[in-house]
Amino acid sequence: STIALALGIGGSTLIFSVVYAVLLKPLPVADPDRLVWIWANSPSRNLAYTFTAYSTYAEWKAGSPSFESMSAYAPASATLLVGNDPERVNVLQVNATFFPMLGIHPAVGRDFLAEEDQPGAPKVAILSDRLWERQFARDPNVIGRSINLDGESVAVTGILPRGFAFGTV
């Protein structure tokens, strides 16, 4: 019975930890109570919450003057090649207003620039602190250098603050 009680307490603790991390923990952003998520739905694909085309986002942004700011993101994965060691990494494709809208600014380097948020502009990236530590040994000289992401050259402009994670537990 002691083992059953320990397993019950352990299971309850695990469930609470997951629920807290996913549903209850405040977002690590400035003014989380002022954020609104807008999702699309796709009845033809039986999807209640789905990402939308960037052109639809642009229409929403143009037609929603009551919002102080609006931004878009899309989760993806990519292969980062450092030396001869490829690593599959999770990435967020975001526009230039994404991090400033959340009140998040790089701890090292700079935010994305508006001109980098245009079709055909050179690709740029802001690295997570964990990736910076794991792959680049916290070398500040990675700012301004290019990294190989899915076979493309991507310039590093900044490093996110330690502990910031968007969309992960």
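Everything below is about the structure shown above.
Residues numbered from 1 in each chain as written. Predicted model: local features only at pLDDT ≥ 70, side-chain atom pairs only at ≥ 80, totals over all residues. Heavy atoms only, no water.

**Quick look at the overall build of the protein**
Right, on to step 1. A count of helices and strands for the protein gives 4 helices and 8 strands.
Right, on to step 2. Its helices and strands in sequence order give the protein the pattern α-β-β-α-β-β-α-β-β-α-β-β, from N to C terminus.
Right, on to step 3. Of all 169 residues assigned to the protein, the portion counted as buried reaches 24%.
Right, on to step 4. Restricting the contact set of the protein to residue pairs at least 6 apart, pairs at least 24 apart contribute 52%.
Right, on to step 5. Of the roughly 11,400 Å² of accessible surface on the protein, a fraction of 58% belongs to carbon and sulfur atoms. (Helix = DSSP H or I, 4+ residues; strand = E, 2+ residues; numbered from the N terminus. Buried < 20%, exposed > 50% of the residue type's maximum accessible area, 1.4 Å probe, protein only. Contact = heavy atoms within 4.5 Å. Areas by Shrake-Rupley, 256 points an atom, 1.4 Å probe, with all protein chains shown as cover.)

**Digging into the pattern of salt bridges**
Right, on to step 1. The tally for this structure, following the rule as stated, stands at 8 salt bridges.
Right, on to step 2. Here the salt bridges do not stand alone but share partners, grouping Asp 129, Glu 133, Arg 138 and Arg 162 into one network. (Salt bridge = Lys/Arg side-chain N within 4 Å of Asp/Glu carboxyl O.)

**Remarks on the pairing of strand β8 (residues 152-159)**
Right, on to step 1. Bridge count for strand β5 (residues 108-109) against β8 is 2 bridges, and the pairing is antiparallel. The residue of β8 that forms the bridge with Gly 109 is Gly 158.
Right, on to step 2. Bridge count for strand β6 (residues 124-127) against β8 is 4 bridges, and the pairing is parallel. By the bridge assignment for β8, Leu 127 is matched with Ile 159.
Right, on to step 3. With 4 bridges joining them, strand β7 (residues 146-149) and β8 adopt antiparallel strand pairing. Bridging from a neighbouring strand, Ser 146 pairs with Ala 155 of β8.
Right, on to step 4. A loop of 2 residues connects β7 with β8, the two strands running antiparallel in sequence, and Asp 150 in this loop sits at a positive phi of about 55°. (Pairing = 2+ DSSP bridges.)

**Quick word on the nonpolar core**
Right, on to step 1. Counting residues in hydrophobic clusters, the biggest one holds 14 residues, and the most contacted among them are Leu 127 and Ile 147.
Right, on to step 2. Among the elements of the structure, β3 (73-82), β6, α4 (129-136), β7 and β8 are those that each provide at least two residues to this core.
Right, on to step 3. Setting aside residues up to four positions removed in sequence, Ile 147 forms contacts with Leu 80, Leu 127, Phe 136, Glu 152, Ser 153, Val 154 and Val 156.
Right, on to step 4. Ala 96, Ile 104, Phe 112 and Ile 126 belong to the second largest nonpolar core, which has 10 residues in total. (Core = buried A, V, L, I, M, F, W, Y, C linked by side-chain atoms within 4.5 Å.)

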